[in-house]
Amino acid sequence: MNNREEEVKKIIADITEVPVEKLTPDADFFKDLGIDSLKAIEIVAAFEKKYRIIIPEKDIPNIRTLKQITEYTKHLKKD
Amino acid sequence: MKWDKEKIKSILPHREPFLFIDEVIDIDGTEKVVAVKNIKENESFFEGHFPGKSIMPGVLIIEAMAQTSIILYYVCKPEIAKTHPNYYLGKVKAEFLSPVLPGEKLILETINVKIIDEAGVVDAIARVGDRIVAKANFVLGIKKSD
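Read on for an overview of the structure. (Residues numbered from 1 in each chain as written. Chains lettered and ligands numbered in written order. Predicted model: local features only at pLDDT ≥ 70, side-chain atom pairs only at ≥ 80, totals over all residues. Heavy atoms only, no water.)

Two side chains carrying opposite charge are able to pair once their charged atoms lie near each other. Across all of its chains, the model carries 14 salt bridges over all chains by this definition. For the salt bridge of A:Arg64 with A:Asp28, the shortest nitrogen-to-oxygen distance reads 2.9 Å. One end of the pair, A:Arg64, is in the loop between helix H2 (37-51) and helix H3 (66-75); the other, A:Asp28, is in the loop between helix H1 (3-16) and H2, and 36 residues separate them in sequence. A relative accessible area of 27% places A:Arg64 in the partly exposed class. Here B:Lys77 makes a salt bridge to B:Asp117, at a shortest N to O gap of 2.9 Å. Placement of the pair is B:Lys77 in the loop between helix H2 (58-76) and helix H3 (78-81) and B:Asp117 in the loop between strand S4 (105-116) and strand S5 (119-128), with a sequence separation of 40 residues. Classification of B:Lys77 as buried rests on a relative accessible area of 15%. When its relative accessible area of 34% is taken as the criterion, B:Asp117 is described as partly exposed. Bridged by salt links that share partners, the residues A:Glu57, B:Lys77 and B:Asp117 form one connected network. (Salt bridge = Lys/Arg side-chain N within 4 Å of Asp/Glu carboxyl O. Helix = DSSP H or I, 4+ residues; strand = E, 2+ residues; numbered from the N terminus. Buried < 20%, exposed > 50% of the residue type's maximum accessible area, 1.4 Å probe, protein only.)

What follows is the structure, encoded as structure tokens:
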């Protein structure tokens, strides 16, 4: 597992209190991990701050797994 | 841009004695809203908090900042706010630094961290003059009215 994925996992675990071992790459945040929209926006805000990026509102519903959000943070340009 | 109480009441569902902002004194695009609550000598909460030693309860400073956050939501999402959705607090992290006393002007500054249709993250500072009395971070939920 690479450093970015570890960082991402730690941010999500800290906010959601989901145990790290449950944060598998393809676990669906909403269906499998019980993350609601309020936790989701906290995660989005934390990622924007950490990586100095802007995650457009339209993209948020499509970022549903650890793998997707890790890839997303790698490809977004800094603001 | 300034808002009086009538304009505030057109957006906020709160009413006296649970309306904790008197006017909006600054709106900076969709980034920041600043509101004011004038703390009167005869505020009802001073009767019990505390007899003979009036101090504004910290939870009501939180409430005033949260109500200002709703105005911030309105400037970001006016079309949704005009439908009068239900607003609720999801999470609050707060720090209280100084008491708020009768006769003081409480200034409430809210900063947009991230606001989307159904939720928001807002940083807030409450101050009296230059004295910061509280800091908070809110996660707000917004749901359409039934």
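Structure's up, so let's keep going.
A few words now on the nonpolar core. All names here are of chain B. Membership of the largest hydrophobic core comes to 44 residues, with the highest contact counts inside it found for Met56, Met65, Ile71 and Leu106. Looking at this core, the elements that each hand over two or more residues are helix H1 (5-11), strand S1 (23-28), strand S2 (32-38), H2, S4, S5 and strand S6 (131-143). When near neighbours in sequence (up to four residues on either side) are disregarded, Met56 contacts Ile39, Phe45, Phe46, His49, Ile61, Val100 and Leu106. (Core = buried A, V, L, I, M, F, W, Y, C linked by side-chain atoms within 4.5 Å. Contact = heavy atoms within 4.5 Å.)

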